[in-house]
Amino acid sequence: MMKFLSATLLMMIASQASAFTVGPVANQVAETRLFAAEYVPMEGEGKINLKIDLENPKVVNMEDVTKGKKVYCRCWLSGTFPMCDGTHAKHNDATGDNVGPLIVTVKTE
């Protein structure tokens, strides 16, 4: 019964978000994939990046992480982009959003 309810709930959610497709439920874990070709912006939705490398068609950064920890910006507002400077906290307070950084750590063996 629980698997049926979980699958039904996931299908209801998927039908409300046309940009997402939900695969079969296995052990109550669903696979969700965003297909760019199916993406339709919601009303009022616009550009995310309003200040970083605007002259380039795509912003791409590469960095080697060999030890320690790196904290990367995901809000596009950091003054130290691609590294996070905590600006997302002010954005979240002002907008009610919940964006945060991507934290990458390298485990030493």
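Residues numbered from 1 in each chain as written. Predicted model: local features only at pLDDT ≥ 70, side-chain atom pairs only at ≥ 80, totals over all residues. Heavy atoms only, no water.

A. Summary view of the confidence of the model for the chain. Model confidence for the chain is summarised by a mean pLDDT of 74, while 61% of its residues fall at 70 or above. Below pLDDT 50 for its whole length, residues 1-30 participates in 29 contacts with residues either more than four positions away or in separate chains. (pLDDT = per-residue confidence, 0-100. Contact = heavy atoms within 4.5 Å.)

B. Layout of the layout of surface pockets. Volume-wise, the largest pocket comes out at about 250 Å³. G46, K47, I48, L50, R74, C75, L77, H91, D97 and V99 together form the lining of the largest pocket. Taken together, the residues that form the lining of the largest pocket break down as five nonpolar, two polar and three charged. (1 Å grid on protein atoms, 1.4 Å probe; cavity = no way out; pocket = protein on both sides within 12 Å on 5 of 7 lines; lining within 4 Å. Points joined across faces, edges and corners; volume = space filled by probe spheres on them. Nonpolar A, V, L, I, M, F, W, Y, C, P; charged D, E, K, R; others polar.)

C. Examining the side chain of S78 more closely. Within the secondary structure, S78 sits in the loop between β3 (69-72) and α2 (87-95). A distance of 3.0 Å separates a polar atom in the side chain of S78 from the backbone nitrogen of T80. Excluding residues that lie within four positions of it along the chain, S78 makes contacts with K51, I52, C73, M83, C84, D85 and T87. (Helix = DSSP H or I, 4+ residues; strand = E, 2+ residues; numbered from the N terminus. Polar contact = N/O pair within 3.5 Å; in protein donor to acceptor, adjacent residues only side chain to side chain.)

D. The environment of P101, seen in detail. Locating P101 in the fold gives a position in the loop between α2 and β4 (102-105). P101 gets classed as partly exposed once you look at its relative accessible area, which sits at 27%. Expressed as a C-alpha distance, the spacing of P101 and Y72, which sit 29 residues apart in the sequence, is 5.5 Å. Among residues more than four places away in sequence, those in contact with P101 are V71, Y72, R74, C84 and H88. (Buried < 20%, exposed > 50% of the residue type's maximum accessible area, 1.4 Å probe, protein only.)

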